[in-house]
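Summary of structural features
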Amino acid sequence: MSMISGSPLGDELFQSSSRLKKIEATSLPKPLKTRIISVSNQKGGVGKTTSTVNLAAALAAKGLKVLVIDLDPQGNASTALGIEHGEGTLGVYEVLIEGAEIKDAVAVSPENPNLSCLPATIDLAGAEIEIVTAFERENWHALLKTAIDTYLAQAQASQTKLGLPDYIFIDCPPSLGLLTVNAFVAATEVLLPIQCEYYALEGLSQLLRNIERIQQALNPQLVLSTILLTMYDSRTKLASAVVDDVRHHFPAQTLTSVIPRNVRISEAPSFGRTVITHDKSSVGSLSYLEAAIEIAQKGAQNGR
């Protein structure tokens, strides 16, 4: 009899193996049309970029085509996906400010041929000032939407090398500035990562008010479709209380899947990978794969 059989470690390994088998046996529905999801939270350190790249990689691993638009000047999503984003790289800045086309700037991630990224360079840090000063007031909010609409039309006409994406994830900066407004106008859905800690809900009402303003003035299609609970520590009562609180207030939007604190998730970006390829059988990877499956299945149930 194995030394670990019946032990906590043995139970964990058995559960992980069972979860992975279930994930691998699940096929995902393709959305009716490209789902454009803005991943946003003005609070930093909530797992926003980590969730963007890992959900994108999880969907790509299940056979769907995914484009990540890195709208955060820090460029961490580009780094995690193994995409070059040094000075001089054609990226989202050139698309927004100089009129470059997404099809010329997008790069395939070494993670998966189904996964591509429009990278962010340091030039993006000054983009908000340039948007305010260089563009007519009635057009500044729709720069990203115009570029995405053009890209999707080209993909429909087979004019892009990567084909039509099933999902576009926009990784927003941790603020509610002009770049985030552009993301909200371009998207049809908002995915909100919330960490399972004390100040988790602080500022949430402000974000919801901003989504409502965008709905009323610029993009009536925009909805808060998904809340993802991150950095969950099952050892603390506080984490469980936050989960219960969020699910009480947002029962339809909150995913059943919860992302735990996990070393593999934290270390993956230093290897230029997502946790999905870094360690597919880790608890962190399994959690993101399950969350991605839930997003795809809930979308199909809601006609998306």
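See the structure printed just above.
Residues numbered from 1 in each chain as written. Predicted model: local features only at pLDDT ≥ 70, side-chain atom pairs only at ≥ 80, totals over all residues. Heavy atoms only, no water.

Re a nonpolar patch on the surface
- A contiguous nonpolar surface patch, about 380 Å² in accessible area, is contributed by Tyr 198, Tyr 199 and Leu 238.
- The residue Tyr 198 is located in the loop between strand S6 (189–195) and helix H9 (204–217) in this model.
- On the basis of relative accessible area, Tyr 198 is assigned to the exposed category, the value being 64%. (Patch = residues over 30% accessible without salt bridge, like charges linked within 9 Å, V, L, I, M, F, W, Y side chains within 5 Å. Areas by Shrake-Rupley, 256 points an atom, 1.4 Å probe, with all protein chains shown as cover. Salt bridge = Lys/Arg side-chain N within 4 Å of Asp/Glu carboxyl O. Helix = DSSP H or I, 4+ residues; strand = E, 2+ residues; numbered from the N terminus. Buried < 20%, exposed > 50% of the residue type's maximum accessible area, 1.4 Å probe, protein only.)

Overview of the packing of aromatic side chains
- Following the criterion strictly, the structure yields one aromatic pair and no others.
- Judged by centre distance (6.0 Å) and plane angle (10 degrees), the rings of Tyr 167 and Phe 169 are stacked.
- The exposure class of Phe 169 is buried, given its relative accessible area of 0%. (Phe/Tyr/Trp six-rings, centres within 6.5 Å; stacked < 30°, edge-to-face > 60°.)

Considering the pairing of strand S1 (residues 35–39)
- Counting buried residues along S1, five of its five residues qualify, which places the element largely inside the surrounding structure.
- By the bridge criterion, five bridges tie S1 to strand S5 (residues 167–171) in an arrangement that is parallel. From the neighbouring strand, Ile 37 faces S5, where its bridge partner is Phe 169.
- Bridge count for S1 against S6 is three bridges, and the pairing is parallel. Bridge pairing in S6 places Val 39 opposite Leu 191. (Pairing = 2+ DSSP bridges.)

Describing the environment of Asp 166
- Its location among the elements puts Asp 166 in the loop between helix H7 (143–156) and S5.
- Considered as a pair, Asp 166 and Leu 67 are 99 residues apart in the sequence and their alpha carbons are 8.2 Å apart.

Some remarks on the side chain of Ser 225
- Summarising the element assignment, Ser 225 is placed in strand S7 (residues 223–232).
- Relative accessible area serves as the criterion here: at 10%, Ser 225 is assigned to the buried category.
- Within polar-contact distance, the side chain of Ser 225 engages the side chain of Thr 226 at 3.1 Å.
- Other than its neighbours up to four places away in sequence, Ser 225 contacts Glu 189, Val 190, Gln 253 and Arg 304. (Polar contact = N/O pair within 3.5 Å; in protein donor to acceptor, adjacent residues only side chain to side chain. Contact = heavy atoms within 4.5 Å.)

Observations concerning the pattern of salt bridges
- What the rule picks out here adds up to twelve salt bridges.
- Close ionic contact of Lys 48 with Asp 171 constitutes a salt bridge, the shortest N to O distance being 3.0 Å. One end of the pair, Lys 48, is in helix H2 (residues 48–61); the other, Asp 171, is in strand S5, with 123 residues separating them in the sequence.
- On the accessibility criterion, Asp 171 (0% relative accessible area) is buried.
- A salt bridge links Lys 103 to Asp 104; the nearest nitrogen and oxygen atoms lie 3.4 Å apart.
- Here the salt bridges share partners, and the residues they tie into one network are Lys 48, Asp 72 and Asp 171.

Observations concerning the state of the cysteines
- Summed over all chains, the structure comprises zero disulfides.
- Counting only cysteine sulfurs, Cys 172 is the nearest neighbor of Cys 117, a cysteine outside any disulfide, at a range of 14 Å. (Disulfide = S-S within 2.5 Å.)

Notes on the side chain of Ser 109
- Within the fold, Ser 109 resides in the loop between strand S3 (107–108) and strand S4 (115–118).
- When its relative accessible area of 3% is taken as the criterion, Ser 109 is described as buried.
- Beyond its immediate chain neighbours, meaning those up to four positions away, Ser 109 contacts Leu 81, Ile 83, Leu 115 and Ser 116.

A look at the sheet that holds S6
- Spatially, eight strands are ordered S3-S4-S2-S5-S1-S6-S7-S8 in an open sheet, and the strand pairing comes out mixed. In this open sheet, the two edge strands, each paired with only one partner strand, are S3 and strand S8 (254–260).
- Lying over the sheet, H2 contacts S1, strand S2 (66–70), S4, S5, S6 and S7, oriented at roughly 165 degrees with respect to S5.
- Sheet strands in contact with helix H10 (residues 237–249) are S6, S7 and S8, and its direction is about 170 degrees off that of S7. (Axes fitted to C-alpha atoms, helices over the stretch in contact; angles between N-to-C directions.)

Remarks on the environment of Glu 197
- On the secondary structure map, Glu 197 appears in the loop between S6 and H9.
- Spatially, the C-alpha atoms of Glu 197 and Met 231 are 8.1 Å apart, while their sequence positions differ by 34 residues.
- Once residues lying within four places of it in the same chain are set aside, the contact partners of Glu 197 are Leu 238, Val 242 and Arg 261.

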